[in-house]
Amino acid sequence: MDPRDDLTDRYLAAIASHLPKAKAQDITAELRDLLLSQREEKEAELGRPLTPDEAEAMIKAFGHPLRVAARYDGAQYLIGPALYPYWWAAVKVVAFMVSAVMVTLLILDIVFAAGSSDPILPHVIGAFWSSLFGTIGALTILFAILERYAPHVELLPDWSPRRLYVPLEKPQTRWNRISELTLQVVLLLWWVGVLRLPDPFAYPYATGHGGAVALHLSETWRTLYWPVIGFVCLGMAANLLALIWPARIGVRTLLRVAATVIGVFVLGVVYRHLPLVTVTAVGLAPKAAAGIQSGVDIGIRIGLLVGGVALLVETLRDLYRLWRRLRATAPADRHTAAV
Amino acid sequence: MPFEEDLYDKLRLELRRGCLVLAVLAELRLERYGYTLRKALSEGGLEIDESTLYPLLRRLESQGLLISEWREEERRNKRFYRLSADGEALLTRLATEWRSLNSSLDRIL
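None of these values were measured; they are calculated from a predicted model.

Q: Lay out the overall build of chain A with the relevant residues and their values.
A: When you go through chain A residue by residue, the secondary structure sums to 11 helices and three strands. Written out in order from the N terminus, the α and β elements of chain A read α-α-α-α-α-α-α-β-β-α-α-α-β-α. Per-residue burial over chain A gives 31% buried out of 339 residues. Here the contacts in chain A between residues at least 6 apart in sequence split such that 75% fall between residues at least 24 apart. Looking at chain A as shown, the accessible area adds up to about 21200 Å², and 68% of this sits on carbon and sulfur atoms.

Q: Outline the overall build of chain B, supporting the account with residue identities and numerical values.
A: For chain B, the count of helices and strands is four helices and three strands. Reading chain B from its N terminus to its C terminus gives the helix and strand order α-β-α-α-β-β-α. Per-residue burial for chain B yields a buried fraction of 32% across its 109 residues. Pairs at least 24 apart in sequence give 44% of the contacts found in chain B among residues at least 6 apart.

Q: Tell me about empty space enclosed by the protein, and please be specific about residues and values.
A: Residues and elements named next belong to chain A. Going through the model one piece at a time under the given rule, you end up with two cavities of 30 Å³ or more. Here the second largest cavity is characterised by a volume of approximately 40 Å³. What lines the second largest cavity is simply Met 97, Ala 100, Val 101, Ile 178, Leu 181, Thr 182 and Val 185. Secondary structure elements with two or more residues in the lining of the second largest cavity: helix 5 (84-112) and helix 7 (174-191). Residues belonging to the lining of the second largest cavity are distributed by class as follows: six nonpolar, one polar and no charged.

Q: Provide a residue-level description of the interface of chain A and chain B, including the pertinent values.
A: Size of an interface, as often reported, equals the accessible area lost when the parts are brought together. Taken together, the contacts link 14 residues of chain A with 15 residues of chain B. Summed over both partners, the interface of chain A with chain B buries about 1500 Å², with 48% contributed by carbon and sulfur atoms. Together, Glu 30, Asp 33 and Arg 71 of chain A form the three largest contributors to the area buried by chain A at its contact with chain B, with a combined 37%. Lys 78 of chain B is the salt-bridge partner of Asp 33 of chain A, the closest N and O atoms lying 2.6 Å from each other. Joining chain A to chain B, the criterion identifies 13 residue pairs in polar contact (both at pLDDT 80 or more).

Q: I'd like to hear about the nonpolar core, residue by residue, with values.
A: Counting 36 residues, the largest nonpolar core has Ile 15 and Leu 31 of chain A together with Val 24, Leu 53, Leu 57 and Leu 66 of chain B as its most contacted members. Secondary structure elements with two or more residues in this core: helix 1 (3-17), helix 2 (21-46), helix 3 (52-62) and helix 4 (65-70) of chain A together with helix 1 (2-27), helix 2 (34-43), helix 3 (50-62) and strand 3 (76-83) of chain B. Beyond its immediate sequence surroundings of up to four residues, Leu 53 of chain B is in contact with Val 24, Gly 34, Leu 37, Arg 38, Leu 41 and Ile 48 of chain B. Ranked by size, the runner-up nonpolar core spans 20 residues in total, among them Ile 178, Val 269, Val 270 and Leu 276 of chain A.

Q: Help me get a handle on the packing of aromatic side chains, residues and values and all.
A: All names here are of chain A. Counted according to the given criterion, the structure contains seven aromatic pairs over all chains. Relative to Tyr 225, the ring of Trp 191 has its centre 6.2 Å away and its plane inclined at 20°; by these criteria the two rings are stacked. Taken together, the residues Trp 191 in helix 7 and Tyr 225 in helix 9 (residues 225-244) connect sequence positions 34 residues apart. Ring centres of Tyr 225 and Trp 226 lie 5.2 Å apart, and the angle between their planes is 85°; on these two criteria the pair is classed as edge-to-face. A relative accessible area of 31% places Tyr 225 in the partly exposed class. The exposure class assigned to Trp 226 is exposed, which follows from its relative accessible area of 63%.

Q: An account of the sheet that holds strand 2 (residues 66-73) of chain B is needed here, citing residue identities and associated values.
A: Read across the open sheet, the three strands follow the order 1-3-2 (chain B); overall the sheet is antiparallel. Strand pairing shows two members of the sheet lacking a second neighbour, strand 1 (32-33) and strand 2 of chain B, which therefore form its edges. The pairing of strand 1 of chain B with strand 3 of chain B spans two bridges and is classified as antiparallel. For Arg 32 of chain B, the partnering residue across the bridge sits in strand 3 of chain B and is Tyr 81 of chain B. Seen against the sheet, helix 2 of chain A touches strand 1, strand 2 and strand 3 of chain B and runs at an angle of roughly 105° to strand 3 of chain B.

Q: Account for the packing of helix 2 of chain A against helix 3 of chain B, with residues named and values stated.
A: For the pair helix 2 of chain A and helix 3 of chain B, interaxial distance at closest approach is 12 Å and the crossing angle is 145°. The hand of the helix 2 of chain A/helix 3 of chain B crossing is right-handed. Across the interface between the two elements, Asp 26, Ile 27, Glu 30, Leu 34 and Gln 38 of chain A from helix 2 of chain A touch Glu 50, Tyr 54 and Arg 58 of chain B from helix 3 of chain B. For the contact of helix 2 of chain A with helix 3 of chain B, the residue count by class is three nonpolar, one polar and four charged.

Q: I'd love a proper account of the confidence of the model for chain B, names of residues and values included.
A: All names here are of chain B. On average, residues of chain B score 90 in pLDDT, and 97% of them are at 70 or above. Here helix 1 stands out as the least confident element of chain B, with mean pLDDT 86; helix 4 (residues 85-108) is the most confident, with 94. We note a pTM of 0.54 for the whole complex and an ipTM of 0.79 for its interfaces.

So, how was this worked out
Residues numbered from 1 in each chain as written. Chains lettered and ligands numbered in written order. Predicted model: local features only at pLDDT ≥ 70, side-chain atom pairs only at ≥ 80, totals over all residues. Heavy atoms only, no water. Helix = DSSP H or I, 4+ residues; strand = E, 2+ residues; numbered from the N terminus. Buried < 20%, exposed > 50% of the residue type's maximum accessible area, 1.4 Å probe, protein only. Contact = heavy atoms within 4.5 Å. Areas by Shrake-Rupley, 256 points an atom, 1.4 Å probe, with all protein chains shown as cover. 1 Å grid on protein atoms, 1.4 Å probe; cavity = no way out; pocket = protein on both sides within 12 Å on 5 of 7 lines; lining within 4 Å. Points joined across faces, edges and corners; volume = space filled by probe spheres on them. Nonpolar A, V, L, I, M, F, W, Y, C, P; charged D, E, K, R; others polar. Buried area = accessible area lost by both parts, 1.4 Å probe. Salt bridge = Lys/Arg side-chain N within 4 Å of Asp/Glu carboxyl O. Polar contact = N/O pair within 3.5 Å; in protein donor to acceptor, adjacent residues only side chain to side chain. Core = buried A, V, L, I, M, F, W, Y, C linked by side-chain atoms within 4.5 Å. Phe/Tyr/Trp six-rings, centres within 6.5 Å; stacked < 30°, edge-to-face > 60°. Pairing = 2+ DSSP bridges. Axes fitted to C-alpha atoms, helices over the stretch in contact; angles between N-to-C directions. Left-handed = near helix turned anticlockwise from the far one by under 90°. pLDDT = per-residue confidence, 0-100.

Structure follows, in structure tokens:
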């Protein structure tokens, strides 16, 4: 056998190995004819047979077998231009959220767990990469499947220019939303016991007057386990919605109102069952101990009142924004109806 | 500037992509096999890589615009392509669109 033919056979066999079996023979037969025709033309031009080196160079110029075979595959990209904007938007939201949660956990670790025998820092770093790439990988696979089997799927609901989100006042920045969401995630994880933070009620505090005080949390909190979870989850849902669909102001406001109702209920229950924290003094005069208890009670009362008022003010502000938005779009609707 | 050259190459490629399909369809009003088709296009002033042409022929055939058959010629089996009835109808429409586009661009340029 002519060694140049052997080279062509090897090349075509390599291409065939990257092609679907059903088509491989047909495609390589056609490519064989092309390569032989090219060689004959070149030999006719030179007036002599090609040397093995020239034959090799000619085949090499045809392209790597993987690339040649890939051209026969209908799909030339993983995610096409129609789906790419949705994929990229989803990746950005996921990257923001994973990064924010992990950075917060790192900060908490640095602040609270210094000197701990089991620092969470290495776990957080490991979890960061696996969460980030795992989530982006899953998103990419999902979009690649859509690209392959449903490339024209409409991922966003029907829209109208009149319903587009236009901030009527200075909107909360994206980072505000993300930091709030991050804190909510951390709070939820701590509340359900997944995240372990130093317990402020676990040890006594020196008072600076030779004595010490220990704080004890009342049992009221135990009855509020589910209301607190509901409050945090509704707040998280509102923030997530604001990040993913900023135009859904109505649903977001409803979630916030529901969260406020639960939040006010929680604060009300706590307020009615004061003292929330009992102070036990060691080595202090009874008068001094009573003074500390009174100070803690006043601080908690003020904190609860301020928290409740802030919650109500924020919800009223959201309702006002919704009302203004509805009012701003109403004339356009009337105009359209008139036309 | 390399950046400008890259951009030029990219835009030129985009410009040529649609034209190549039209040219291939037009050349296959006469029956040809891949190698002679490429030469005919080249003689007409339109160079095209084999690595682009052959997969394109397969794609157009799978879309029903071309029909092909294996036949022996010059002591070798060759795959001959020609326009199908659907391909001819589409070529007529695309050629009309091309002429309209071309005259518009002539006026604009």
